Amino acid sequence: MYIKDHLIEAFKFNDVANKKLLVKIKALDDTEGSVRLFSHLINTQKKWMMAIMQDPSYKNRNWWDPVYCLERLEEEWDGSTAFWLNYISGKTDEELLTESVRVDFEGSLWVAILKDIILQLNYHSIHHRAQIQVMIRQQGIEPDFLDYIGTKVRKMS
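Residues numbered from 1 in each chain as written. Predicted model: local features only at pLDDT ≥ 70, side-chain atom pairs only at ≥ 80, totals over all residues. Heavy atoms only, no water.

Asks: Can you break down the overall build of the chain residue by residue, with the values?
Replies: Secondary structure summary: the chain contains 5 helices and 2 strands in total. Counting from the amino terminus, helix and strand elements in the chain follow one another as α-α-α-α-β-β-α. Along the longest, intermediate and shortest principal axes, the C-alpha atoms of the chain span 45 × 45 × 25 Å. Counting every position in the chain, which comprises 157 residues, the buried fraction comes to 41%. If you take every contact in the chain between residues at least 6 apart in sequence, the share linking residues at least 24 apart comes to 70%. (Helix = DSSP H or I, 4+ residues; strand = E, 2+ residues; numbered from the N terminus. Buried < 20%, exposed > 50% of the residue type's maximum accessible area, 1.4 Å probe, protein only. Contact = heavy atoms within 4.5 Å.)

Structure representation (structure tokens):
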């Protein structure tokens, strides 16, 4: 498998898992914490893309704000994820493995390999998805099984 295919698969898995999570969030009595974390995931995807595209306004974009209303989460998520999937699809493995992303965060210049930023976005999503799963359970709702392996194994008999 090529790195590009792996990264696309990871983004697609995250997309499906987070959309399942949204169904549970909508069933909660108290959505404040989960909506804030889910909005943060969207903002993070948007801010990193702006930084990669060298959009100077990325410095003004907040990692945590805006907090989207529950009804807009899926639309915002779809948009930020589609942008990444299209971006990755347009890159070669060589481009994805090149140390080429230069970002100025808080007055310091940083350099990164594009693949590592993409992996970070997915790992970051897993981290906050687990936090939201705890919030779901604390409100008396059984969270879905959203582990990656659940999409890869099948019962033989």
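Asks: Could you give an account of the packing of helix α3 (residues 73-89) against helix α5 (residues 114-138), with specific residues and numbers?
Replies: If you want to describe how two helices pack, look at the angle between their axes and the distance between the axes. Running from N to C, α3 and α5 point in directions that differ by 150 degrees, and their axes come no closer than 12 Å. Here α3 lies roughly antiparallel to α5, going by the angle between them. Relative to α5, α3 is oriented so that their crossing is left-handed. Listed contacts from α5 to Trp-77, Trp-84, Tyr-87 and Ile-88 of α3 are Leu-114, Ile-117, Ile-118, Leu-121 and Ser-125. (Axes fitted to C-alpha atoms, helices over the stretch in contact; angles between N-to-C directions. Parallel < 35°, antiparallel > 145°, perpendicular 65-115°, else oblique. Left-handed = near helix turned anticlockwise from the far one by under 90°.)

Asks: Give a detailed account of the nonpolar core, specifying residues and quantitative values.
Replies: Counting 23 residues, the largest nonpolar core has Trp-84, Ile-88 and Ile-118 as its most contacted members. Of all elements in the fold, only α1 (3-26), α2 (32-52), α3, β1 (99-105) and α5 reach the threshold of two or more residues within this core. Here Ile-88 is in contact with Lys-4, Leu-7, Ile-8, Phe-11, Leu-96 and Ile-118, once residues within four sequence places are set aside. Leu-37, Tyr-68, Leu-70 and Trp-77 belong to the second-largest nonpolar core, a separate cluster that totals 18 residues. (Core = buried A, V, L, I, M, F, W, Y, C linked by side-chain atoms within 4.5 Å.)

Asks: Tell me about the pattern of salt bridges, and name the residues and values.
Replies: It is possible for side chains bearing opposite charge to pair when their charged atoms get close. Counted by the stated rule, this structure contains 9 salt bridges. Residue Lys-19 pairs with Asp-15 through a salt bridge whose shortest N-O separation is 3.5 Å. Note that Lys-19 and Asp-15 are positioned in helix α1 at a spacing of 4 residues, about one turn of the helix. For Asp-15, a relative accessible area of 16% translates into the label buried. Several salt bridges converge on common partners, so that one network encompasses Asp-15, Lys-19 and Asp-78. (Salt bridge = Lys/Arg side-chain N within 4 Å of Asp/Glu carboxyl O.)

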